[in-house]
Amino acid sequence: MNDFYKDILVGLVFLTGLLGFFSGEFIISSTLFATAAVASNVNLNRKRDKGGRLACE
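Reading the values: rules and limits
Residues numbered from 1 in each chain as written. Predicted model: local features only at pLDDT ≥ 70, side-chain atom pairs only at ≥ 80, totals over all residues. Heavy atoms only, no water. Helix = DSSP H or I, 4+ residues; strand = E, 2+ residues; numbered from the N terminus. Buried < 20%, exposed > 50% of the residue type's maximum accessible area, 1.4 Å probe, protein only. Areas by Shrake-Rupley, 256 points an atom, 1.4 Å probe, with all protein chains shown as cover. Phe/Tyr/Trp six-rings, centres within 6.5 Å; stacked < 30°, edge-to-face > 60°. Patch = residues over 30% accessible without salt bridge, like charges linked within 9 Å, V, L, I, M, F, W, Y side chains within 5 Å. Salt bridge = Lys/Arg side-chain N within 4 Å of Asp/Glu carboxyl O.

A.B. asks: How should I be thinking about the overall build of the protein chain in this particular structure?
C.D. replies: A count of helices and strands for the protein chain gives 2 helices and 0 strands. Going through the 57 residues of the protein chain one by one, you find that 11% of them count as buried. For the protein chain, the accessible surface area stands at approximately 4700 Å², while carbon and sulfur atoms represent 67% of it.

Following this line, the structure appears as structure tokens:
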């Protein structure tokens, strides 16, 4: 799965969490927000090089 599809998946999880929040499903929406945040940070941290900077790959 390339980065574009991962970004789409994280965006869909975030939007689903937002819709769940508006409908009153606070536990489900909190879980979806946390999933989107963790997935986004894991994807970002994989792109870092050994010096702690973001790689341009």
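Let us keep going from here.
A.B. asks: What am I meant to see in the packing of aromatic side chains here?
C.D. replies: Centre distance and the angle of the planes are the two values used to describe a pair of aromatic rings. Scanning all chains against the criterion turns up 4 aromatic pairs. Ring geometry for Phe21 against Phe26: centres 5.4 Å apart, planes inclined by 70°, an arrangement best described as edge-to-face. Take Phe21: its relative accessible area is 40%, and that puts it in the partly exposed class. The structure contains a cluster of three or more aromatic residues connected by ring pairs, namely Phe21, Phe22 and Phe26.

A.B. asks: Would you take a moment to explain the environment of Ile27 for this structure?
C.D. replies: Relative to the elements of secondary structure, Ile27 occurs in helix H2 (residues 26-46). Note on Ile27: relative accessible area 71%, which makes it exposed. Sequence separation between Ile27 and Gly17 is 10 residues; the distance between their C-alpha atoms is 9.6 Å.

A.B. asks: Honestly, the environment of Leu12 in this entry has me stumped. Any pointers?
C.D. replies: With respect to the element layout, Leu12 can be found in helix H1 (residues 3-23). With relative accessibility at 49%, the residue Leu12 sits in the partly exposed group. Along the backbone, Leu12 and Ala36 are 24 residues apart, and their C-alpha atoms lie at a distance of 8.8 Å.

A.B. asks: Even after reading the chapter, I still don't get a nonpolar patch on the surface, so can you show me in this structure?
C.D. replies: A cluster of nonpolar residues, Phe4, Tyr5, Ile8 and Leu12, forms a patch on the protein surface that exposes about 430 Å² of accessible area. Along the chain, Ile8 falls in helix H1.

A.B. asks: I keep staring at the environment of Ile28 and nothing clicks. Help me out?
C.D. replies: Mapping Ile28 onto the fold places it in helix H2. Classification of Ile28 by relative accessible area gives partly exposed; the value is 48%. Separated by 12 residues in the primary sequence, Ile28 and Thr16 have C-alpha atoms spaced 9.5 Å apart.

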